[in-house]
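Single-letter residue listing:
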Amino acid sequence: MREPASNKEWKKWGEVDPLFGVASWHGKQKDGSNPWTDEEFYKLGESDWQDFLRHWEKYGLNNESCLEIGCGAGRITKQLSAYFKEVHALDISDNMIEYAKKNINSASVTFHVSEGINIPLASRSIVSVFSTHVFQHFESLSVASAYFAEISRVIKPNGTFMIHLPIYKWPKMSRYFSFLYAVIGKIGDIRALARRRLMDLGMVRPIMKETPYKVDFLYDELPKFGFDDIEISIFVTKINNDPHPFVFARKKG
């Protein structure tokens, strides 16, 4: 699969505003009314990780090793390094990785710059996989499927993943809703293409395209890659009371 078009804006965020690109709170951009400081940014990661960890441990978690997909500036990576014996932090942005390296001094972390989709790790080399605020920005569901296939390759039998992504489920008799949603999605794709062209010309800030996931897609797709015990959990993060939907799954032994 070719490099996803959505990689372009993420790399741009790494250049212009890595902290806001990861945590896009109102007024927290570089030129905003209250821009992120490093201390605030990583404190946010500490708080969120405690919320995430509680749910992952309840599902079942091994702290031997972890792959983080889309580590960005290391908001959560810093916390992973204190919990897991070995961490592989993956991102497509050189600038994001460099920012993370400056703020994370841990022998347990290895950073990887990737072109996306292909995970630069050996098969069956990782026990746990984590990602937050990343899958929501993929160009399409086909990109997500390619990542799930790669996760299945690198994760060990009985290993688990915890991945944040926006989900939806239409009520019964939903043909009308599905059609309308598909039309809205196509319009969004056209707008994203136009804004990328303007971004290339330096006329607008990078976009944040959102790709939602139908519940049925997850339960249909993940078993194809050898995952079972699929669960969806939605909970709020304490720091801002914001609902976060996550999907959990286990690689068949």
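Above this text is the structure in question.
This write-up is about the structure you can find in this document.

Quick notes on the rules
- Residues numbered from 1 in each chain as written.
- Predicted model: local features only at pLDDT ≥ 70, side-chain atom pairs only at ≥ 80, totals over all residues.
- Heavy atoms only, no water.
- Phe/Tyr/Trp six-rings, centres within 6.5 Å; stacked < 30°, edge-to-face > 60°.
- Helix = DSSP H or I, 4+ residues; strand = E, 2+ residues; numbered from the N terminus.
- Buried < 20%, exposed > 50% of the residue type's maximum accessible area, 1.4 Å probe, protein only.
- Pairing = 2+ DSSP bridges.
- Axes fitted to C-alpha atoms, helices over the stretch in contact; angles between N-to-C directions.
- Contact = heavy atoms within 4.5 Å.
- Patch = residues over 30% accessible without salt bridge, like charges linked within 9 Å, V, L, I, M, F, W, Y side chains within 5 Å.
- Areas by Shrake-Rupley, 256 points an atom, 1.4 Å probe, with all protein chains shown as cover.
- Salt bridge = Lys/Arg side-chain N within 4 Å of Asp/Glu carboxyl O.
- Core = buried A, V, L, I, M, F, W, Y, C linked by side-chain atoms within 4.5 Å.
- Polar contact = N/O pair within 3.5 Å; in protein donor to acceptor, adjacent residues only side chain to side chain.
- Right-handed = clockwise from strand over helix to strand, strands pointing away.
- Expected span 1.5 Å × (residues − 1).

**Remarks on the packing of aromatic side chains**
Counted under the stated rule, the structure contains 24 aromatic pairs. Taking 6.0 Å as the distance between ring centres and 55° as the angle between the ring planes, the aromatic pair formed by Trp56 and Phe84 counts as tilted. You can see Trp56 sitting in helix α3 (residues 38-59) and its partner Phe84 sitting in the loop between α4 (77-83) and β2 (87-91), a full 28 residues away along the chain. Residue Trp56 is classed as buried on the basis of its relative accessible area of 0%. Given a relative accessible area of 3%, Phe84 falls into the buried group. Measuring from ring centre to ring centre gives 5.0 Å for Phe161 and Phe227, while their planes differ by 75°; the resulting arrangement is edge-to-face. Here the residue Phe161 occupies a position in strand β5 (residues 155-164), and Phe227 occupies one in strand β8 (residues 227-237), the gap between them amounting to 66 residues.

**Looking at the environment of Ala192**
One can find Ala192 in helix α7 (residues 175-200). Placed 17 residues apart in sequence, Ala192 and Lys209 show a C-alpha to C-alpha distance of 6.9 Å.

**What about the sheet that holds β8?**
On the basis of which strands lie adjacent, the open sheet formed by 7 strands has the order β3-β2-β1-β4-β5-β9-β8 and mixed pairing. A strand with exactly one partner marks an edge of an open sheet, and here the two such strands are β3 (109-113) and β8. The mean angle between the axes of side-by-side strands here comes to 15°, regardless of whether they run parallel or antiparallel. Where β5 lies against strand β9 (residues 242-251), 5 bridges are found, and the strand directions are antiparallel. Bridging across to β9, Ile163 finds its partner in Val247. The strands touched by helix α5 (residues 94-103) within the sheet are β2 and β3, with β3 carrying the most contacts at an inclination of about 165°.

**Considering a nonpolar patch on the surface**
A contiguous nonpolar patch, built from Phe179, Val183 and Ile187 and spanning about 290 Å² of accessible area, is present on the exposed surface. Within the fold, Phe179 resides in helix α7. What makes Phe179 exposed here is its relative accessible area of 58%.

**Concerning the nonpolar core**
Of all hydrophobic cores here, the largest spans 31 residues; its most connected members are Leu67, Phe135, Phe148, Ile151, Phe161 and Leu222. Every element with two or more residues in this core is listed here: β1 (66-69), β4 (126-131), α6 (141-154), β5, α8 (215-221), β8 and β9. With 7 residues, the single largest contributor to this core is α6. Once you skip the residues sitting within four places of it in the chain, Ile151 turns out to touch Ile69, Ile119, Val129, Phe135, Phe161, Ile163 and Phe227. In terms of nonpolar packing, the next biggest core, distinct from the first, is built from 22 residues, Cys71, Ile97, Phe130 and Phe248 among them.

**A closer look at the pairing of β8**
Inspection of the sheet shows β8 paired to β9 by 9 bridges, in the antiparallel sense. Pairing of Asp228 across the sheet is with Arg250, part of β9. Here β8 folds back onto β9, and the loop between the two strands holds 4 residues, one of which, Asn241, carries a positive phi near 60°.

**Side note on the side chain of Glu150**
Position of Glu150 relative to the elements: it lies in helix α6. Within the structure, Glu150 has its side chain in polar contact with the side chain of Arg153 (distance 2.8 Å). Not counting the four nearest positions on each side in its chain, Glu150 is found in contact with Ile117, Asn118 and Ile119.

**Concerning the environment of Pro35**
As for its position among the elements, Pro35 is in the loop between α2 (18-22) and α3. In this structure Pro35 comes out as partly exposed when scored by relative accessible area, which is 31%. Sequence separation between Pro35 and Phe20 is 15 residues, and the spatial gap between their C-alpha atoms is 8.2 Å.

**A few points about the pairing of β3**
Two strands pair when backbone bridges link them, and β2 and β3 are joined in this way by 5 bridges, in the parallel orientation. Within the sheet, the bridge partner assigned to Asp91 lies in β3 and is Val113. Tracing the backbone out of β2, into α5 and back to the parallel element β3 gives a crossover that is right-handed.

**Structural notes on α3**
An α-helix turns once per 3.6 residues; consequently, residues spaced three or four apart project the same way. Compared with an ideal rise of 1.5 Å per residue, which puts 22 residues at 32 Å, α3 spans 31 Å between its outermost C-alpha atoms and is within 8% of the ideal. Looking only at α3, the buried set comprises Phe41, Tyr42, Leu44, Gly45, Asp48, Trp49, Asp51, Phe52, Leu53, His55, Trp56 and Tyr59. Looking one or two residues beyond α3, the residue adopting positive phi is Gly60, at roughly 135°.

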